[in-house]
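Residue-level structure breakdown
Listed here are the chains, written in short residue letters.
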Number of protein chains: 4
Amino acid sequence: MTKEKACDMRTGRISIRVRYSECDPMGVAHHTAYPVWFEMGRMELLRANDRSYRDYEAAGVFLAVVALEVRYKKPALYDDLLELESVVSKIGHVKITHEYALRRNGKLLATGKTTLACLDREGKLCPVPDSLRA
Amino acid sequence: MTKEKACDMRTGRISIRVRYSECDPMGVAHHTAYPVWFEMGRMELLRANDRSYRDYEAAGVFLAVVALEVRYKKPALYDDLLELESVVSKIGHVKITHEYALRRNGKLLATGKTTLACLDREGKLCPVPDSLRA
Amino acid sequence: MTKEKACDMRTGRISIRVRYSECDPMGVAHHTAYPVWFEMGRMELLRANDRSYRDYEAAGVFLAVVALEVRYKKPALYDDLLELESVVSKIGHVKITHEYALRRNGKLLATGKTTLACLDREGKLCPVPDSLRA
Amino acid sequence: MTKEKACDMRTGRISIRVRYSECDPMGVAHHTAYPVWFEMGRMELLRANDRSYRDYEAAGVFLAVVALEVRYKKPALYDDLLELESVVSKIGHVKITHEYALRRNGKLLATGKTTLACLDREGKLCPVPDSLRA
C-alpha cells in the first residue's frame, strides 16, 4: 500500500488467491465467491483502521447486508491472484455503503456494491457508531 | 404446483430448507446463500420445462452470471422452509434475465435479479438457443 | 420411506440434488460438499423422530462435530439425484456417532462417519439428552 | 519459514484468516471449512516447490480426494489467524497422503489426513508423476 493510500482511511486493498473449492465446472470462480471476497475486503478495511468487526459484534453492533449488486466482466480463474479494492462510499444514519473493484494484474474483472444496516442484538435498526464514521 | 402454474412456463417454484452450514454467527442465512438458491430456482425452472442445464453444458452452451442484485428484507433462519419463485423476465439476443422472490409462510424475505450471458465453449457470447425461448 | 424404514428410528433417508455451486472444475461435487450433506442427513433423521436440532440449540444443547471420516468411491456429478442413508451407530455418555452411505441409483458413491460431542452454552461437554437416546 | 523448514520440501506452512462466511451459528468455523483449508495447504506446498496444481490439471493430471479424516480439538473462531502445517506423509504408486496440523498461537486446534488418487482425463487411476515425488 502506498503512502497516499494509507492516508485514505476509507479505501482498502487486499490480495485474494482464488481457491479450488470456489471454482465451478466452467473452471472459473463461482459468482457467489465474489460477495464473500467483498466481505473480506470491508473487514480488512476495518482492521486497517484499527477496528475489528469481531469487537463490534461483541459490543452488540451487527452490520447486516441489506443490498448487494455485482457486475461480472471477466472471469476469475482458479489460482489467480486478485486485487480487491474496497471503498466506503456513503455513511448514512443507520446504513453504510461500500463499493468494490476486483482486478487481476490491473485488469478489471468485476465491480460490486453492498449496503449494510446497523442492527442491535434484537435485530432493530440502530445508528452507525461514531467509531465507524471517523 | 397448480394447473395455472404449470401453464406458465416462465415461472417456477421450489422449496428450500435452510442448511446449518449456510448460516452465520448472527444465526441467519449468510447473504451469499441467496444467490445459490436463485441458481437452484432457475435450474429447476428449466427442468420443469423438460430441459436440463447439464444438457446445455454438454452441448457447449454455458450460461454465465454477468449481473446479480439482491435486496434482503427479513432474515432467513436456520431450518426455515422457504419458497422461492423464479421468473424469466426478459430474453434478449444473448442474455436472459430472471427475477426472484423468496418467502417464508408467504412473507417476503428477499428479492433478486440475475442476468445470464450465453457463452460458447471458448467463452464467446452466442445467441440464446431457441429451446430456451420457447 | 417404507413402513419398515419408519419403524427404525435410528436410520434416515433423504434425497439430495447436487447443486452447481457444489461442483468444482473437475465437474464433480467438491469433496467438502459430502460432510454438508451428512449434516443434512442427521438433522432430517432428528426431524423424522419429531425432534429439531434448532430446538436443542434454543434449549442450550449444542452438537459439535469432533471427528469426521469420508471415503470417496465414485464421483457425484452436477445435477445428480443422490440418496443419503444416515444411521446412529453409537450413543455414548457425551458423544454420538453417525454413519452414512451415499448412493446414486443404488450404487455406492461414498461412506462417512461423524462423531458429535454434546456441549452446553459454555462449550463444556455435557451428557447426551435422554430425548436423543430414545 | 525458517531455513530448516525451507530445506524440507515435503512440509509447508500457510496462514489462514477465518472468514465470517466460514462460521456458523455456534460462532465458530463450520467443520467443512477445515478440509477447504487443507486443500489450500497442499496447493501452497506444491507452489513452494515451484509447481502449480493448475499446471497439472492443464497437463491432464488430476488429484482427487479419495479419503478424508479430521479430528477437531478446539474451535477456530471468526477472525482468528491460524497456522496450517501440511506434510506429504506417503507417496504410493497412484496415491499421495498428506497430514495436517492446524494451530492458533501454537495451540493445536485440529489434525487431518487426506489421500489423493492420481487420475487422467478419463478419470482412470494413473501413476503419480515423478515431478510430484521429487
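The structure displayed is predicted, hence computed values, not measured ones.

The subject of this paragraph is the interface of chain B and chain A. Across the contact, 22 residues belong to chain B and 22 residues belong to chain A. Looking at the side of chain B facing chain A, the largest losses of area belong to Met26, His31 and Leu68 of chain B, adding up to 31% of the total buried there. Remark: the boundary between chain B and chain A carries 2 salt bridges. In this structure, Arg71 of chain A and Glu69 of chain B form a salt bridge, with 3.4 Å as the shortest nitrogen-oxygen distance. One can count 8 residue pairs in polar contact (both at pLDDT 80 or more) joining chain B with chain A. Where the side of chain B that touches chain A is concerned, the elements lending two or more residues are α2 (33-48), α3 (53-58) and β2 (62-72) of chain B. With 11 residues, β2 of chain B is the single largest residue contributor to the side of chain B that touches chain A. Relative to β2 of chain B, strand β2 (residues 62-72) of chain A is paired through 5 bridges, and the arrangement is antiparallel. Looking across to β2 of chain B, one finds that Arg71 of chain A is bridged to Ala67 of chain B.

What follows is about the interface of chain C and chain B. Each partner contributes residues to the interface: chain C has 20 residues there, and chain B has 20 residues. Across the chain C to chain B interface the summed buried area is about 1,800 Å²; carbon plus sulfur atoms make up 41%. A salt bridge links Arg47 of chain C to Asp79 of chain B; its shortest N-O distance comes to 2.8 Å. At the junction of chain C with chain B, the criterion picks out 12 residue pairs in polar contact (both at pLDDT 80 or more).

Okay, the relation of the copies chain C and chain B next. Overlaying chain C on chain B yields an RMSD of 0.0 Å, the required transformation being a rotation through 180° with an accompanying axial translation of 0.0 Å. Here the symmetry operator amounts to a two-fold rotation axis. Considering only C-alpha atoms, the residue of chain C closest to the rotation axis is Ile16 of chain C, which sits at 5.9 Å. In this assembly the copies share their binding face: 100% of the residues contributing to the interface of chain C also contribute to that of chain B.

This brings us to the relation of the copies chain B and chain A. In the superposition of chain B on chain A (RMSD 0.0 Å, axial shift 0.0 Å), the rotation amounts to 180°. When the interface residues of chain B are mapped onto chain A, 100% of them are again interface residues, pointing to one common binding face.

Residues and elements named next belong to chain D. Scanning the model with the defined rule gives 24 aromatic pairs over all chains in all. Between the aromatic rings of Tyr34 and Trp37, the centroid separation amounts to 5.0 Å while the plane-to-plane angle is 45°, which identifies the pairing as tilted. Of this pair, Tyr34 and Trp37 both sit in helix α2 (residues 33-48), 3 residues apart, which is roughly one turn of that helix. For Tyr34, a relative accessible area of 2% translates into the label buried. On the basis of relative accessibility, which here comes to 0%, the residue Trp37 falls in the buried class. An angle of 80° between the planes, with centres 4.8 Å apart, marks the rings of Tyr34 and Tyr72 as edge-to-face.

Residues at a pLDDT of 70 or more form 95% of chain A, whose mean pLDDT is 93. Scored as a complex, the prediction yields pTM 0.94 and ipTM 0.93.

All names here are of chain D. By the secondary structure assignment, His98 is in strand β4 (residues 95-104). Relative accessible area serves as the criterion here: at 6%, His98 is assigned to the buried category. Leaving out residues up to four positions away in the same chain, His98 has contacts with Arg42, Leu45, Val87, Val88, Ser89, Gly112, Lys113, Thr114 and Leu116.

Take the pairing of strand β2 (residues 62-72) of chain C next. Residue and element names in this part refer to chain C. Counting buried residues in β2 gives 8 out of 11 residues, a clear majority hidden from the surface. Bridge count for β2 against strand β5 (residues 107-119) is 10 bridges, and the pairing is antiparallel. Counterpart to Arg71 in the pairing with β5 is Thr111.

A word on the sheet that holds β2 of chain B. As a general point, the strands of a sheet are linked pairwise by backbone hydrogen bonds and lie either parallel or antiparallel. Pairing within the open sheet is antiparallel, and its 10 strands lie in the order β1(A)-β3(A)-β4(A)-β5(A)-β2(A)-β2(B)-β5(B)-β4(B)-β3(B)-β1(B). Edge positions in the sheet fall to β1 (11-17) of chain A together with β1 (11-17) of chain B, since each of these pairs with one other strand and no more. Looking at each pair of strands side by side, their axes are set apart by 25° on average, direction ignored. Along the sheet, helix α2 (residues 33-48) of chain A contacts β1, β2, β3 (81-91), β4 (95-104) and β5 (107-119) of chain A; its crossing angle with β3 of chain A, the most-contacted strand, is approximately 65°. On top of the sheet, α2 of chain B reaches β1, β2, β3 (81-91), β4 (95-104) and β5 (107-119) of chain B; it is set at about 65° to β3 of chain B, its chief contact.

Another aspect to go through is the nonpolar core. Within the largest apolar cluster, 167 residues are counted, with the highest numbers of intra-cluster contacts made by Trp37 of chain A, Trp37 of chain B, Trp37 of chain C together with Trp37 of chain D. For this core, the element with the highest residue contribution is α2 of chain A, accounting for 9 residues. With near-sequence residues (within four places) excluded, Trp37 of chain A lies in contact with Ile14, Ile16, Val18, Glu22, Ala29, Ala76, Leu82, Leu84 and Leu102 of chain A together with Arg19 of chain D.

Scoring rules and cut-offs
- Residues numbered from 1 in each chain as written.
- Chains lettered and ligands numbered in written order.
- Predicted model: local features only at pLDDT ≥ 70, side-chain atom pairs only at ≥ 80, totals over all residues.
- Heavy atoms only, no water.
- Contact = heavy atoms within 4.5 Å.
- Buried area = accessible area lost by both parts, 1.4 Å probe.
- Salt bridge = Lys/Arg side-chain N within 4 Å of Asp/Glu carboxyl O.
- Polar contact = N/O pair within 3.5 Å; in protein donor to acceptor, adjacent residues only side chain to side chain.
- Helix = DSSP H or I, 4+ residues; strand = E, 2+ residues; numbered from the N terminus.
- Pairing = 2+ DSSP bridges.
- Least-squares fit on C-alpha atoms with pLDDT ≥ 70 in both.
- Phe/Tyr/Trp six-rings, centres within 6.5 Å; stacked < 30°, edge-to-face > 60°.
- Buried < 20%, exposed > 50% of the residue type's maximum accessible area, 1.4 Å probe, protein only.
- pLDDT = per-residue confidence, 0-100.
- Axes fitted to C-alpha atoms, helices over the stretch in contact; angles between N-to-C directions.
- Core = buried A, V, L, I, M, F, W, Y, C linked by side-chain atoms within 4.5 Å.

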